[in-house]
Number of protein chains: 2
Amino acid sequence: MLNVPTALARPDRLSDSLYRALETRIRAGSIQPGEKLPSEKQLAFEFAVSRAVVREAMSRLKAEGYVESRQGAGAFVTPRPGAAIFRLSRSGPRAPGTLSEVFELRLIVEGEAAALAALRRRAGDLADMRSHIDNMERALGLGEDATMADDAFHRAVAQATGNALVGRFIEFLGGHLSESRAPTWSAEGHAQGRAHAAADEHRRLVDAIAAGDAARARAVARAHVLRAAERLGLSLPVTGPTQQNTNDAIEET
Amino acid sequence: MLNVPTALARPDRLSDSLYRALETRIRAGSIQPGEKLPSEKQLAFEFAVSRAVVREAMSRLKAEGYVESRQGAGAFVTPRPGAAIFRLSRSGPRAPGTLSEVFELRLIVEGEAAALAALRRRAGDLADMRSHIDNMERALGLGEDATMADDAFHRAVAQATGNALVGRFIEFLGGHLSESRAPTWSAEGHAQGRAHAAADEHRRLVDAIAAGDAARARAVARAHVLRAAERLGLSLPVTGPTQQNTNDAIEET
DNA sequence: ACTCATAAAGTTGTCCGACAACCTGACCAC
DNA sequence: GTGGTCAGGTTGTCGGACAACTTTATGAGT
């Protein structure tokens, strides 16, 4: 019997349990926005834990935007609890259908970002992208890891959109998919030509952006993401279960 | 002199300061991923605070995915610190250029979500949207607040995409823009016909989705978001500073 | 010299008690 | 009624203590 090195589930910390209990109460509306939570002393008694545990749970609730506390007054549920942060996985790290959903979101944002970049890129942006592609191919020629150069390239594209928020979001999505790039940039992927193929796609993307051709940039970027999804064995129903609409087909070309 | 009820800045809690100090160290790479943080006792001495303060700062760092701790071993920086969550505002709540960036991101995602909904909607989804529009117009007729119905409608659209992640992200973005909808649904907006205009836009959107016309659904949704931005006095450079590309114009129609 | 069990030291998790800083509401004097 | 004062409750911070656990060092046995 072979075991995947799964981090074995440790017994929960008390503060984790309490955090989940309170988070559930708030999400369920059992404690409404603006309402005051029970005092720390009361919660400590209610859950039979020490006040230190309560304070740690509260600290986490505060960090995630569920509650705010005022010294002397108490702790209150925020107007829109939990709306301050966005996580990919609500709780479980790796649900089955989740990964394809992430790729679909990435498909949307990276495609539009490429289109925006084509419309707004400045000369410096193009120079950056090209220099990163050069670095990438140099690394590939030496058989080194080109992951860093790949990262830098995508950052340069995001930078060219002129929208820092879009750039940060793309980076956020990409960070959760680092495993997905392994088959491309690993030694194996390099030997099988996947790395060079990816580098070619990058060149086509920067060409479209340089030409100011938003539609082509979007198509190339989407194809790039789709290819990455395919390498993981994911089938994205991009066109949906129904037949593709003819009006929409124009830009998917 | 009239004062806006601005929540006056209170002096920072000690744990907040310590949190920022550690977060900065980690972001700057001063403590590398995988590395072990100083022990709680050491940090307490170093910053001249009690261990309770240190533990609260650590609790927040853990909640936001910067560090993980193992009892008996110590606390370690995660492989990709801070990559677990996404926030709109890195620190300051309301930077000037930020709002338009949020709207642009919303433009992208809501537009594509509408297109996806047009391709994948099921009969039940359409029924939901229409019933929420009915609720909305009924509320408008009675002069009541239609904000809830508006929320429900947008949720139904997101639901029709078949991608729960996209739905959650749209909701996340929308939650940060609740103020932006006030001028639409307020009594004033109602009197000036903005509320009914928005309702009309909703009808056009559901028509496009029902027809399976992805391009039209996207265009209507984007126009809807643009209108909301205009009401806030934002000018989104959608087509970029340069002239719009002809290839891209096809789908913007 | 090597292996393996054991002990020791260090670290995080939890508990307790105490006081300071602060807010709220009731009470009281005017 | 107005304004000030005070008492009680609540969060923020401190200090010490012990339990649960991990890592490292130690030493016995082979």
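As the structure is a prediction and not an experimental result, all values here were calculated from the model.

Asks: How would you summarise the overall build of chain A if you had to cite specific residues and measurements?
Replies: A count of helices and strands for chain A gives twelve helices and two strands. Each helix (α) and strand (β) of chain A, taken in turn from the N terminus, gives the series α-α-α-β-β-α-α-α-α-α-α-α-α-α. The buried share among the 253 residues of chain A stands at 46%. Put simply, of all contacts in chain A between residues at least 6 apart along the chain, 67% involve residues at least 24 apart. Per element, the accessible surface of chain A, about 12800 Å² overall, is 54% carbon and sulfur.

Asks: Pulling in residues and values, what's your account of the protein's contact with DNA strand D?
Replies: Taken together, the neighbourhood of DNA strand D is formed by 22 residues, with Glu40(A), Arg51(A), Gly72(A), Leu14(B) and Ser50(B) sitting nearest. The share of sugar and phosphate among atoms of DNA strand D within 4 Å of the protein is 71%. The backbone of Leu14(B) places a nitrogen or oxygen atom 2.6 Å from a phosphate oxygen of DNA strand D. The backbone of Ser50(B) places a nitrogen or oxygen atom 2.8 Å from a phosphate oxygen of DNA strand D. Looking at the surface near DNA strand D, the elements that each hand over two or more residues are helix 3 (51-63), strand 1 (67-70) and strand 2 (74-77) of chain A together with helix 3 (51-63) of chain B.

Asks: Which residues make up the pairing of strand 1 of chain A, and what values go with them?
Replies: Bridge count between strand 1 of chain A and strand 2 of chain A: four bridges; the pairing is antiparallel. Among the inter-strand pairings, Arg70(A) is bridged to a residue of strand 2 of chain A, identified as Gly74(A).

Asks: Talk me through the protein's contact with DNA strand C; I want residue IDs and the actual numbers.
Replies: Neighbouring DNA strand C are 25 residues, the closest being Leu14(A), Ser50(A), Arg70(A), Glu40(B) and Arg51(B). Close to the protein, within 4 Å, the atoms of DNA strand C belong to sugar or phosphate groups at a rate of 69%. Within the side chain of Arg51(A), one N or O atom sits 3.5 Å away from a base nitrogen of DNA strand C. Contacts to DNA strand C include Gln71(A), whose side-chain N or O atom sits 3.0 Å from a base nitrogen. Every element with two or more residues in the surface near DNA strand C is listed here: helix 1 (14-27) and helix 3 of chain A together with helix 3, strand 1 (67-70) and strand 2 (74-77) of chain B. When grouped by side-chain class, the residues that make up the surface near DNA strand C number seven nonpolar, nine polar and nine charged.

Asks: Could you give me a rundown of the packing of helix 4 (residues 98-120) of chain B against helix 11 (residues 214-231) of chain B, with the residues and numbers involved?
Replies: Residue and element names in this part refer to chain B. For the pair helix 4 and helix 11, the least separation of the axes is 7 Å and the interaxial angle reads 150°. Considering the angle they form, helix 4 stands roughly antiparallel to helix 11. For the element pair helix 4 and helix 11, the recorded crossing hand is right-handed. On helix 11, the residues that touch Phe103, Arg106, Leu107, Glu110, Gly111, Glu112, Ala114, Ala115, Ala118 and Leu119 of helix 4 are Ala214, Ala217, Arg218, Ala221, Arg222, Val225, Leu226, Ala228 and Ala229. Along the lines of polarity and charge, the residues of the contact of helix 4 with helix 11 split into 13 nonpolar, one polar and five charged.

Asks: Explain the packing of helix 4 of chain B against helix 7 (residues 164-175) of chain B to me, and be specific about the residues and the numbers.
Replies: All names here are of chain B. Following both chains from N to C, one finds helix 4 and helix 7 inclined at 150°, their axes separated by 10 Å at the closest point. With respect to helix 7, the element helix 4 is oriented roughly antiparallel. Along this stretch, helix 4 crosses helix 7, giving a crossing that reads as left-handed. In this structure, helix 4 uses Val102, Leu105, Arg106, Val109, Glu110 and Ala113 to contact helix 7, whose residues at the interface are Val166, Phe169, Ile170 and Leu173.

Asks: Would you mind going over the packing of aromatic side chains in detail, with residue names and values included?
Replies: This structure, assessed with the given rule, holds ten aromatic pairs over all chains. Summarising the aromatic geometry, the rings of Phe86(A) and Phe169(A) are spaced 6.5 Å apart at their centres and angled 50° between planes, so their arrangement reads as tilted. Of this pair, Phe86(A) sits in the loop between strand 2 and helix 4 (98-120) while Phe169(A) sits in helix 7 (residues 164-175), and the two are 83 residues apart along the sequence. Here Phe86(A) and Phe169(A) have matching classes, each one buried. An aromatic cluster of at least three residues, connected via ring pairs, comprises Phe86(A), Phe169(A), Phe172(A), Phe86(B), Phe169(B) and Phe172(B). It is Arg60(A) that lies over the ring of Tyr19(A); its NZ or CZ is 3.9 Å from the centre.

Asks: Give me the lowdown on the side chain of Thr78(A), citing residues and values where you can.
Replies: Residues and elements named next belong to chain A. Within the secondary structure, Thr78 sits in the loop between strand 2 and helix 4. Exposure remark for Thr78: the relative accessible area of 8% places this residue in the buried category. Within the structure, the side chain of Thr78 is placed 2.8 Å from the backbone oxygen of Gly65, a separation counted as a polar contact. Apart from residues no more than four positions distant in its own chain, Thr78 is found in contact with Pro33, Gly34, Gly65, Tyr66, Val67 and Glu68.

Asks: Can you break down the side chain of His224(B) residue by residue, with the values?
Replies: By the element assignment, His224(B) lies in helix 11. Those residues within four positions of His224(B) in sequence are excluded, and the remaining contacts are His154(B), Ala198(B), Glu201(B) and His202(B).

Asks: Outline the environment of Ala160(A), listing residues and values.
Replies: All names here are of chain A. If you trace the backbone, Ala160 turns up in helix 6 (residues 147-160). Note on Ala160: relative accessible area 1%, which makes it buried. C-alpha of Ala160 to C-alpha of Arg122: the two residues are 38 residues apart in sequence and 7.1 Å apart in space. Those residues in contact with Ala160 that sit more than four places away from it in its chain are Ala117, Arg120, Arg121, Asp125 and Met129.

Asks: Report on the nonpolar core, specifying residues and quantitative values.
Replies: Nonpolar side chains in soluble globular proteins tend to end up buried together. Of all hydrophobic cores here, the largest spans 42 residues; its most connected members are Phe86(A), Val109(A), Phe169(A), Phe86(B), Val109(B) and Phe169(B). Taken together, the elements giving at least two residues each to this core come down to helix 4, helix 7 and helix 11 (214-231) of chain A together with helix 4, helix 7 and helix 11 of chain B. Apart from residues lying up to four places away in sequence, Val109(B) is in contact with Val109(A), Val166(B), Phe169(B) and Ile170(B). Leu119(A), Ile133(A), Ala199(A) and Ala221(A) belong to the second largest nonpolar core, which has 27 residues in total.

Asks: Which residues make up the confidence of the model for chain A, and what are the values?
Replies: When pLDDT drops low, the exact placement of atoms in the prediction is not to be read closely. Residues and elements named next belong to chain A. Residue-level pLDDT values for chain A average 81, and 79% of them are 70 or greater. Mean pLDDT across the elements of chain A ranges from a minimum in helix 12 (residues 246-252), with 37, to a maximum in strand 2, with 95. Here residues 1-8 is modelled with pLDDT under 50, and outside its nearest four sequence neighbours on either side it reaches zero contacts, counting other chains as well.

Quick notes on the rules
Residues numbered from 1 in each chain as written. Chains lettered and ligands numbered in written order. Predicted model: local features only at pLDDT ≥ 70, side-chain atom pairs only at ≥ 80, totals over all residues. Heavy atoms only, no water. Helix = DSSP H or I, 4+ residues; strand = E, 2+ residues; numbered from the N terminus. Buried < 20%, exposed > 50% of the residue type's maximum accessible area, 1.4 Å probe, protein only. Contact = heavy atoms within 4.5 Å. Areas by Shrake-Rupley, 256 points an atom, 1.4 Å probe, with all protein chains shown as cover. Near = heavy atom within 4 Å. Polar contact = N/O pair within 3.5 Å; in protein donor to acceptor, adjacent residues only side chain to side chain. Pairing = 2+ DSSP bridges. Nonpolar A, V, L, I, M, F, W, Y, C, P; charged D, E, K, R; others polar. Axes fitted to C-alpha atoms, helices over the stretch in contact; angles between N-to-C directions. Parallel < 35°, antiparallel > 145°, perpendicular 65-115°, else oblique. Left-handed = near helix turned anticlockwise from the far one by under 90°. Phe/Tyr/Trp six-rings, centres within 6.5 Å; stacked < 30°, edge-to-face > 60°. Lys NZ or Arg CZ within 6 Å of the ring centre and 35° of its normal. Core = buried A, V, L, I, M, F, W, Y, C linked by side-chain atoms within 4.5 Å. pLDDT = per-residue confidence, 0-100.

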